[in-house]
Amino acid sequence: MDGVDHIERTERVERIERTESAERNERNERNERIGGIGDSERALGDFLRARRGRVAPEHVGLTGGRRRRVRGLRREELAQLAGISVDYYVRLEQGRATQPSPEVLDALAGALGLDAAERGHLATLAGARRGPAPRARVSPLMQRVLDAMTDLPAFATDHRLDVVAWNGLGSELIGGLADPARRDRNNARFLFLDPASRLVHPEWEDRAAEAVGQLRVAAGRYPDDVELAGLISELGAGSTEFRRIWDSGEVVMCAAGRKRLRHPVAGLLTLDFETLHVPAAPGETGLVVHVFSAEEGSGEAAALARLATAAAAVPGLP
């Protein structure tokens, strides 16, 4: 290698290193802006701060008024309501106090009016669990079960909201999972970065809040999951709606209820849904199976039957 080649190679390596360094810095800055993803101490403080901002002073017997310069409760007010020192609470928010006792967590949860899902998330953040990111595995048995539910739309998601398995009817109902060109197979990315999601989901705001709340829970459980942190940073950079909902401190656990969906063949549907939790095997993450149904004899049931006919030729496997 002559001197010119050596210089060119050196300059090329330096350019690559500068590019990689810039990309790392950009990722770190995005993570910093999105609420301390991957930093358990900061995540606990950010969550407390967000929930504190949602409590109206008058709802807990305090005086509001126009002169208040903070939204929600002040730090000293929350500390007083929880029966802990202001200094200790400040250190909790700043990440300088770690692993608070169950008694302190219960007092804070009560003062903030947290529901069961929010209390569980608070305890998870305070536990500061670390470990490798789990992996999702779809067993042949699970896929067989999904495929056997020919009259019920169904799909399975992991903790990152990646849709990892589905049946033909489930694929068609939520935008065409079997064809990756039709929609992203990550539900959060589809909701926030694909305008088509607002056609599929008439109640888009509710679905968006659910997705953010579920990602927040996952980020608390798996702070070392690099892919999850990258997804949250990507969504925060690409969607103002995601950032707004994330900053609210929303926490959601999968449950049951009703959802409205729109499909070009079946039309506008109001369907019941149930979430079935598949336990995790060692070294793996549990999956959530989402199953939709309609009351027998209803218009929705007839529409699902039409959709099942249209989807009969669509494979359930990725």
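Residues numbered from 1 in each chain as written. Predicted model: local features only at pLDDT ≥ 70, side-chain atom pairs only at ≥ 80, totals over all residues. Heavy atoms only, no water.

### A look at the overall build of the protein
A tally of regular secondary structure across the protein gives 14 helices and five strands. Taking the intrachain contacts of the protein between residues at least 6 apart in sequence as the baseline, contacts between residues at least 24 apart amount to 57%. When the accessible area of the protein is evaluated, it comes to approximately 16,500 Å², of which 51% is carbon and sulfur surface. (Helix = DSSP H or I, 4+ residues; strand = E, 2+ residues; numbered from the N terminus. Contact = heavy atoms within 4.5 Å. Areas by Shrake-Rupley, 256 points an atom, 1.4 Å probe, with all protein chains shown as cover.)

### Overview of the environment of Asp272
By the secondary structure assignment, Asp272 is in strand 4 (residues 267–278). Each C-alpha atom of the pair Asp272 and Glu295 lies 8.3 Å from the other, and the pair is 23 residues apart in sequence. Beyond its immediate stretch of four places on either side in the chain, Asp272 contacts Gly257, Arg258, Val291, Phe292 and Ser293. Here Arg258 takes part through its side chain, which lies 2.7 Å from a polar atom of the side chain of Asp272. (Polar contact = N/O pair within 3.5 Å; in protein donor to acceptor, adjacent residues only side chain to side chain.)

### Regarding the packing of helix 3 (residues 75–82) against helix 5 (residues 102–112)
Between helix 3 and helix 5, the shortest axis-to-axis distance is 8 Å and the interhelical angle comes to 115°. Between helix 3 and helix 5 lies a crossing of right-handed hand. Contacts from Leu78, Leu81 and Ala82 in helix 3 reach Ala107, Leu108, Ala111 and Leu112 in helix 5. (Axes fitted to C-alpha atoms, helices over the stretch in contact; angles between N-to-C directions. Left-handed = near helix turned anticlockwise from the far one by under 90°.)

### Things to note about the sheet that holds strand 3 (residues 257–263)
Strand order in this open sheet of five strands is 2-1-5-4-3, and the pairing throughout is antiparallel. Since the sheet does not close on itself, it has two edges, and those belong to strand 2 (163–166) and strand 3, each with one partner. Averaged over neighbouring strand pairs, the angle between their axes works out to 35° when direction is ignored. Direction of pairing for strand 4 relative to strand 5 (residues 287–293): antiparallel, over a ladder of seven bridges. Bridge pairing links Val278 to Leu287 in strand 5. Against the sheet, helix 7 (residues 140–148) contacts strand 1 (154–157), strand 2, strand 4 and strand 5, and its axis sits at roughly 55° relative to strand 2. (Pairing = 2+ DSSP bridges.)

### Thoughts on the confidence of the model for the protein
Residue-level pLDDT values for the protein average 83, and 82% of them are 70 or greater. Across the protein, the secondary-structure element scoring lowest on mean pLDDT is helix 1 (residues 3–33), at 49, and the one scoring highest is helix 9 (residues 187–193), at 96. Counting contacts from residues 23–32, a segment whose pLDDT is below 50, to residues more than four positions away or on other chains yields seven contacts. (pLDDT = per-residue confidence, 0-100.)

### Observations regarding the pattern of salt bridges
Taken as a whole, this structure holds 24 salt bridges when the rule is applied. Taking the shortest distance from any N to any O, the salt bridge between Asp247 and Arg243 comes out at 3.0 Å. Of this pair, Asp247 and Arg243 both sit in helix 13 (residues 240–247), four residues apart, which is roughly one turn of the helix. Among the residues examined, Asp247 registers a relative accessible area of 40% and is labelled partly exposed. Note on Arg243: relative accessible area 26%, which makes it partly exposed. One salt-bridge network, held together by shared partners, links Arg42, Asp46, Arg49, Arg52, Arg75 and Glu93. (Salt bridge = Lys/Arg side-chain N within 4 Å of Asp/Glu carboxyl O. Buried < 20%, exposed > 50% of the residue type's maximum accessible area, 1.4 Å probe, protein only.)

### Observations concerning the pairing of strand 3
Sheet faces and side chains relate simply in a regular strand, where the side chains alternate between the two faces. Both strand 3 and strand 4 contribute to a ladder of seven bridges, which runs antiparallel. Each residue of the ladder has a partner; that of Leu261, found in strand 4, is Leu269. From the end of strand 3 to the start of strand 4, which pair antiparallel, there are three residues.

### Digging into the packing of aromatic side chains
For the coordinates displayed, the defined rule picks out five aromatic pairs. On the numbers, 5.8 Å between centres and 25° between planes, the contact of Phe242 with Trp246 is stacked. Here the residue Phe242 and the residue Trp246 both occupy positions in helix 13, the gap between them amounting to four residues, near one helical turn. As far as the burial class goes, Phe242 and Trp246 line up, both buried. With a centroid separation of 6.2 Å and 40° between ring planes, the pair formed by Phe273 and Phe292 is classed as tilted. Pair noted here: Phe273 is in strand 4 and Phe292 is in strand 5, with a separation of 19 residues, a long-range link. (Phe/Tyr/Trp six-rings, centres within 6.5 Å; stacked < 30°, edge-to-face > 60°.)

### Things to note about helix 4 (residues 86–93)
For helix 4, the complete set of buried residues consists of Tyr88, Tyr89, Val90, Leu92 and Glu93. Trailing helix 4 by a residue or two, Gly95 shows a phi angle of about 80°, which is positive.

### Let's talk about the nonpolar core
Within the largest apolar cluster, 26 residues are counted, with the highest numbers of intra-cluster contacts made by Leu48, Leu78, Ile84, Tyr89, Leu92, Leu108 and Leu122. Every element with two or more residues in this core is listed here: helix 2 (40–52), helix 3, helix 4, helix 5 and helix 6 (116–127). Among the elements that line this core, the one with the most residues is helix 5, at six residues. The residues touching Leu92, leaving out its near neighbours within four places in the chain, are Leu44, Gly45, Leu48, Ala97, Pro100, Val104 and Leu108. Grouped together as the second largest cluster of nonpolar side chains are 19 residues, Leu191, Leu215, Leu231 and Leu235 included. (Core = buried A, V, L, I, M, F, W, Y, C linked by side-chain atoms within 4.5 Å.)

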